[in-house]
Amino acid sequence: MENFHAISFENLLLASSLVLITLLFSYRQHLHLEKDIIISALRATVQLVIMGYILNYLFSFKHPLFTLGVLLVMMGNASYNAAKRGRGIKNVQAISFVAIAVGATITLSILVLSGILQFNAYQMIPVGGMVISGGMIAIGLCYRQMLNSFQSRHQEVEIKLALGATVKEASMDILRDAIKTGIQPTIDSAKTLGIVSLPGMMTGLILAGLPPVEAIKYQIMVTFMSLATTSMASFIACYLAYKGFFNERQQLEK
Amino acid sequence: MAYLEFDHVSFVDGPIKVLHDISLTIDKGEFISIVGPSGSGKSTFLKLCSDLISHTEGTIMFDGKKIEDYEPCEYRGRVGYCFQEAYLFGETVEDNIKFPYIIKNKDIDMERVTKLFDLFHMSLEYLHKKNTALSGGEKQRICLIRSLLFEPEVLLVDEVTSALDQENTLLVESVLEHLHKQHGMTILMVTHNEEQSRRHVNRRITIESGHVAKWEEF
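Residues numbered from 1 in each chain as written. Chains lettered and ligands numbered in written order. Predicted model: local features only at pLDDT ≥ 70, side-chain atom pairs only at ≥ 80, totals over all residues. Heavy atoms only, no water.

1. Quick notes on the packing of aromatic side chains
Evaluation of the coordinates by the stated rule reveals 15 aromatic pairs over all chains. Between A:Y57 and A:F61, the ring centres sit 5.1 Å apart and the planes meet at 85°, which makes this aromatic pair edge-to-face. The exposure class of A:Y57 is exposed, given its relative accessible area of 53%. Taking the relative accessible area as the measure of exposure, A:F61 reaches 32% and is therefore partly exposed. Ring pairs connect the aromatic residues B:Y3, B:F62, B:Y70 and B:Y75, which therefore count as one cluster. Here A:K160 stacks its cationic end above the ring of B:F89, 4.5 Å away from the centre of that ring. One Lys or Arg, B:K65, reaches over the ring of B:Y70 and ends 4.5 Å from the middle of that ring. (Phe/Tyr/Trp six-rings, centres within 6.5 Å; stacked < 30°, edge-to-face > 60°. Buried < 20%, exposed > 50% of the residue type's maximum accessible area, 1.4 Å probe, protein only. Lys NZ or Arg CZ within 6 Å of the ring centre and 35° of its normal.)

2. Some points on the domain arrangement of chain A
A common way to express how large an interface is: the accessible area buried when the components associate. Residue and element names in this part refer to chain A. Domain boundaries assigned for chain A yield domain 1 (1-60) and domain 2 (61-245). Of note, the centres of domain 1 and domain 2, computed from C-alpha atoms alone, are 29 Å apart. At the interface, 9 residues of domain 1 touch 12 residues of domain 2. Interface of domain 1 and domain 2: buried area, both sides summed, is about 920 Å²; carbon and sulfur atoms make up 68% of it. Viewed at the interface, domain 2 and domain 1 are joined by 0 salt bridges. For the side of domain 1 that touches domain 2, the per-class residue count stands at 6 nonpolar, 3 polar and no charged. (Domains from an automatic or database assignment. Contact = heavy atoms within 4.5 Å. Buried area = accessible area lost by both parts, 1.4 Å probe. Salt bridge = Lys/Arg side-chain N within 4 Å of Asp/Glu carboxyl O. Nonpolar A, V, L, I, M, F, W, Y, C, P; charged D, E, K, R; others polar.)

3. Description of the environment of A:L31
Residues and elements named next belong to chain A. Residue placement: L31 occurs in the loop between α2 (17-28) and α3 (34-59). On the basis of relative accessibility, which here comes to 40%, the residue L31 falls in the partly exposed class. Residues in contact with L31, not counting those within four places in the same chain, are F25 and S26. (Helix = DSSP H or I, 4+ residues; strand = E, 2+ residues; numbered from the N terminus.)

4. Considerations on unusual backbone geometry
Not every positive phi belongs to a glycine, and A:Q250 is a case in point at roughly 60°. Classification of A:Q250 as buried rests on a relative accessible area of 18%. Backbone geometry at B:E151 places phi at a positive 40°, although glycine is not the residue there. Tracing the backbone through its elements, the reader meets B:E151 in the loop between α5 (136-148) and β7 (154-158).

5. Notes on the environment of B:I108
Checked against the element boundaries, B:I108 lands in the loop between α3 (93-103) and α4 (110-119). Among all residues touching B:I108, those that are not within four sequence positions of it are B:I97, B:K98, B:Y101 and B:V113.

6. Examining the sheet that holds strand β5 (residues 65-66) of chain B
Residues and elements named next belong to chain B. Reading across from one edge, β2-β1-β4-β5 is the order of the 4 strands in this open sheet, with antiparallel pairing throughout. The two strands at the open ends of the sheet, each matched to only one other strand, are β2 (16-27) and β5. Summarising the sheet, strand β4 (residues 57-62) and β5 pair through 2 bridges and their orientation is antiparallel. Across the sheet, residue M61 finds its bridge partner in β5, namely K66. The sheet contacts of helix α1 (residues 42-50) involve β1 (2-13), β2 and β4, and relative to β1 the element is tilted by about 120°. (Pairing = 2+ DSSP bridges. Axes fitted to C-alpha atoms, helices over the stretch in contact; angles between N-to-C directions.)

7. With respect to the pairing of strand β9 (residues 203-208) of chain B
All names here are of chain B. Of all the 6 residues making up β9, 5 are buried; the element is thus mostly covered by neighbouring parts of the structure. Pairing of strand β3 (residues 31-35) with β9 involves 4 bridges; the strand directions are parallel. Of the residues in β9, the one forming a bridge with V35 is T206. With 6 bridges joining them, β9 and strand β10 (residues 211-217) adopt antiparallel strand pairing.

8. Let's talk about empty space enclosed by the protein
Summed over all chains, the structure comprises 2 cavities of 30 Å³ or more. Put simply, the parts of the chain that give the lining of the largest cavity at least two residues each are α2 (72-78), β6 (79-82) and α5 of chain B. Looking at side-chain class alone, the lining of the largest cavity contains 7 nonpolar, 3 polar and 4 charged residues. In this structure, the second largest cavity occupies an estimated 50 Å³ of space. Lining the second largest cavity we find A:I159, A:L163, B:Y81, B:C82, B:F83, B:E85, B:A86, B:Q140, B:C143, B:R146 and B:S147. The set of elements that each furnish at least two residues to the lining of the second largest cavity consists of β6 and α5 of chain B. Residues that form the lining of the second largest cavity fall into these classes: 7 nonpolar, 2 polar and 2 charged. (1 Å grid on protein atoms, 1.4 Å probe; cavity = no way out; pocket = protein on both sides within 12 Å on 5 of 7 lines; lining within 4 Å. Points joined across faces, edges and corners; volume = space filled by probe spheres on them.)

9. A word on the sheet that holds β7(B)
All names here are of chain B. Strands sit in the order β6-β7-β8-β3-β9-β10 across an open sheet of 6 strands; the sheet is mixed. Where the open sheet ends on each side, the last strands, each with one partner, are β6 and β10. Strand-to-strand twist in this sheet, taken as the mean axis angle between neighbours without regard to direction, amounts to 15°. Both β7 and strand β8 (residues 186-190) contribute to a ladder of 5 bridges, which runs parallel. Among the inter-strand pairings, V157 is bridged to a residue of β8, identified as M189. Helix-sheet contacts for α5 involve β6 and β7, and the interaxial angle to β6 is about 170°. Strand contacts of helix α6 (residues 166-183): β3, β7 and β8, with the helix running at about 150° to β8, the strand carrying the most contacts.

Pasting the structure below:
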């Protein structure tokens, strides 16, 4: 990037005055948030500095197996976090891993095969992180919706079973609602791109010196990959999870 | 020959033994009422009959076979269940009437639908009504129609008239009597209403504290 605009340490120090404004505001308004503000600003700085060095270190490894290993660790961690939202669902940990892994793998493979990304740590780890976290958030929403629906609409499910429906037929409306809940935020956010918000990635690229018409190409890629991953992960997670609400006799479990 | 047979059946829900050692036989074409105080296990008994829950001890036989040897969807197609709360799903009455046909991959049989709507004194215009626009009595009649579309061999009804006015109650009772007398349908009806529990029925079972306390023939 020929117009790359680097931020100096002094620049950042001056920018920290923004935190002082927040502190002053909290102090004058007696919000008692000063301690939290200081801790959050320090934590964000320390965590990001560490992450910067870790990424620098990771990007120095060129072997594709290493990249694959990092992606798998990210998927494992994401599925662990998503599974927390689905406590009470049978095999939720394994389901989350399969949903995230399949969704992210298909999306990343298409991006690599279409020539947009290269399979190296420098590109796969940050983009993989975006894809995997998108899948994680989506299936977390799906789980919460499913748990709520199977509780609040248990009578509807039992009526359908009593009419001779299979567990899939009895759960179909709940499944559709849960999948929609997982995908809807990504669809809504895609609709307002460029109108309500300029997303962080695109803003970052513009600030770093990339012309806006080039930056939008990356944002379009991110939008497409988010839609693909959230929909695939939501679909897989919901279709694998709903059966866990029933026993082998096709009865709704408490 | 016994059509539905309970042999030393118990049902335990966590630490609570809801039904204890129930043994009884029901013949084909019987109309039986089930009475008893709230919480005595009447609805649990019906749910066991409908295979929406499984007994924890004993044996339940239906038409010569153990209940667990039936494929659940096949069994529930033969034994219909109408719940106490008149719950309609989807948006309209049509959603509820179409569902049993959709799950059987069949086209809606308008002749059958018309017959049942007539039986319950309802016009076909109700099909297009929103669920929210229906009264409690209308909802319960739609629930019964929904359970009867494929004419189950056994109909389980759980206090379906408890929230209805007298007119609707008498209408539902007359339909149940018609199904029993004209179609030979086996009916098990849970009720709190003493008079209703004697009308039209052959036998009455009283369940108290999870036991069959009394059998009466009429």
